[in-house]
Amino acid sequence: CGSAAPRAVRVIPWLGPEDAFPPVGRALREPNGLLAASTELSPRRLLDAYRQGIFPWYSAGDPVLWWSPDPRMVLHPSALRISRSLRRRLHRDGYEILLDSSFGAVVEGCAAPTPDRPGTWITPEMRSAYLALHRMGHAHSVETWIDGELAGGLYGVAIGRMFYGESMFSRVTDASKLALAHLCRYLEALGFGMIDCQMETPHLVSLGAGPIPRQRFLAAVAEFSSHGPAPGLWPRRGAQGLWLKPTEPR
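Residues numbered from 1 in each chain as written. Predicted model: local features only at pLDDT ≥ 70, side-chain atom pairs only at ≥ 80, totals over all residues. Heavy atoms only, no water.

Undergrad: Give a description of the pattern of salt bridges that names residues and reports values.
TA: Across all of its chains, the model carries five salt bridges by this definition. Measuring nitrogen to oxygen at the nearest pair gives 3.2 Å for the salt bridge that ties arginine 45 to glutamate 40. Across the pair aspartate 196 and arginine 72 runs a salt bridge, and its minimum N-O distance is 2.9 Å. One end of the pair, aspartate 196, is in strand β10 (residues 194-198); the other, arginine 72, is in strand β5 (residues 72-75), and 124 residues separate them in sequence. (Salt bridge = Lys/Arg side-chain N within 4 Å of Asp/Glu carboxyl O. Helix = DSSP H or I, 4+ residues; strand = E, 2+ residues; numbered from the N terminus.)

Structure (structure tokens):
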């Protein structure tokens, strides 16, 4: 009996501090999108990654793993799917949306364990790197406040008119969805073209996100990240584009 031919094993490159990312076309198919590994997670490295359609995702104690999956999950700000119950909630009083007022607390909220997710990929090193990006004016938070308490929110990175979503959390039902709805309205007002959602999940699909081929995503990154608002903190409240009350036709 003959034996099966050995399968070729592809090895991802290990990046030193000055090494460039390999072309994303070299990313593995399995696991989908794994491109490279490194020990470095500096703000410079992160910004370089986002501009090439690459993001970090790894577990504590592991090397920093860099990914560019194909297809890519994205959400167009105008395509957010809003349920009837969320629409009613959007137009009721009792909550406040703030921008960039408690970025560190939002990251901590996203990193906190939940019954469905006892661990977290948001390591202390990653929290430090995104806090540095926030101080540079690239990373932003959208926060839902109820009765003076942070009830939920999300954070991500803005480059030009691309927003790269990283994570969201809720301590109160729909708190993160309220933040996302306001973010989409705000990004629409500023002319942002796309929100990168990275990997497909049923939750993202329910909100209107969908997969597109990686080459189409990279073309969008090149188009939208090349121009847009200068880095800087977003206005904390009353910003143009936040959800308006009373009810508007939509």
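Undergrad: Talk me through the packing of aromatic side chains; I want residue IDs and the actual numbers.
TA: Applying the stated criterion to the full structure yields seven aromatic pairs. Look at phenylalanine 103 and tyrosine 155: their rings are 5.8 Å apart centre to centre, the planes differ by 80°, and that puts the pair in the edge-to-face class. Taken together, the residues phenylalanine 103 in helix α3 (residues 103-111) and tyrosine 155 in strand β8 (residues 149-159) connect sequence positions 52 residues apart. The exposure class assigned to phenylalanine 103 is buried, which follows from its relative accessible area of 3%. With a relative accessible area of 1%, tyrosine 155 lands in the buried category. For the pair tyrosine 186 and tryptophan 234, a centre-to-centre distance of 5.0 Å together with 70° between the ring planes defines the contact as edge-to-face. A residue pair is termed long-range when its members are at least 10 positions apart, and tyrosine 186 in helix α5 (residues 175-190) and tryptophan 234 in the segment after α7 (214-224) qualify at 48 residues. Each of the two residues, tyrosine 186 as well as tryptophan 234, counts as buried. Taken together through their ring pairs, the aromatic side chains of Phe103, Tyr130 and Tyr155 make up a single cluster. (Phe/Tyr/Trp six-rings, centres within 6.5 Å; stacked < 30°, edge-to-face > 60°. Buried < 20%, exposed > 50% of the residue type's maximum accessible area, 1.4 Å probe, protein only.)

Undergrad: Lay out the packing of helix α1 (residues 43-51) against helix α4 (residues 124-135) with the relevant residues and their values.
TA: The N-to-C vectors of α1 and α4 enclose an angle of 80°; their axes lie 9 Å apart at closest approach. If you check the angle between α1 and α4, you find them roughly perpendicular. Along its contact with α1, which presents Pro43, Leu46, Leu47 and Tyr50, the element α4 presents Ala129, Tyr130, Ala132 and Leu133. Of the residues in the contact of α1 with α4, the class split is eight nonpolar, no polar and no charged. (Axes fitted to C-alpha atoms, helices over the stretch in contact; angles between N-to-C directions. Parallel < 35°, antiparallel > 145°, perpendicular 65-115°, else oblique. Contact = heavy atoms within 4.5 Å. Nonpolar A, V, L, I, M, F, W, Y, C, P; charged D, E, K, R; others polar.)

Undergrad: An account of α4 is needed here, citing residue identities and associated values.
TA: The end-to-end C-alpha distance of α4, which contains twelve residues, comes to 17 Å, matching closely the 16 Å that a straight helix rising 1.5 Å per residue would cover. Those residues of α4 lying buried are Met126, Arg127, Ala129, Tyr130, Ala132, Leu133 and His134. Immediately beyond the C-terminal end of α4, within one or two residues, lies glycine 137, with a positive phi of roughly 90°. (Expected span 1.5 Å × (residues − 1).)

Undergrad: Got a sec to walk through the sheet that holds strand β6 (residues 96-99)? Specific residues and values, please.
TA: Ordered by their spatial adjacency, seven strands build an open sheet running β6-β7-β8-β9-β10-β5-β11, and the pairing between neighbours is mixed. Of all strands in the sheet, those bounded by a partner on one side alone are β6 and β11 (210-212). Strand-to-strand twist of the sheet, defined as the mean angle between neighbouring strand axes without regard to direction, takes the value 35°. Pairing between strand β9 (residues 162-170) and β10: three bridges, direction parallel. (Pairing = 2+ DSSP bridges.)

Undergrad: Outline the layout of surface pockets, supporting the account with residue identities and numerical values.
TA: Unfilled space is identified by rolling a water-sized probe across the atoms. Within this model, the largest pocket holds a volume of roughly 840 Å³. Surrounding the largest pocket, 31 residues form its lining, Glu166, Ser167, Met168, Thr201 and Leu204 being those nearest its centre. Those elements that provide at least two residues to the lining of the largest pocket are β8, β9, α5, β10 and α6 (202-206). At seven residues, the largest contribution of residues to the lining of the largest pocket is made by β9. Here the lining of the largest pocket is built from residues that sort into 17 nonpolar, eight polar and six charged. (1 Å grid on protein atoms, 1.4 Å probe; cavity = no way out; pocket = protein on both sides within 12 Å on 5 of 7 lines; lining within 4 Å. Points joined across faces, edges and corners; volume = space filled by probe spheres on them.)

Undergrad: Run through the side chain of serine 176, naming residues and quoting values.
TA: Secondary-structure assignment places serine 176 in helix α5. If we skip the residues at most four places from it in the chain, serine 176 touches Gly153, Leu154, Met168, Phe169 and Ser170.

Undergrad: Please set out the sheet that holds strand β3 (residues 55-56) residue by residue, giving values where relevant.
TA: Strand order in the open sheet formed by four strands is β1-β2-β4-β3, and the pairing between neighbours is mixed. With one partner strand each, in any of the chains shown, β1 (14-15) and β3 form the two edges of the open sheet. Sheet topology note: the β1/strand β2 (residues 34-38) ladder contains two bridges and is parallel. Bridging across to β2, tryptophan 14 finds its partner in alanine 37.

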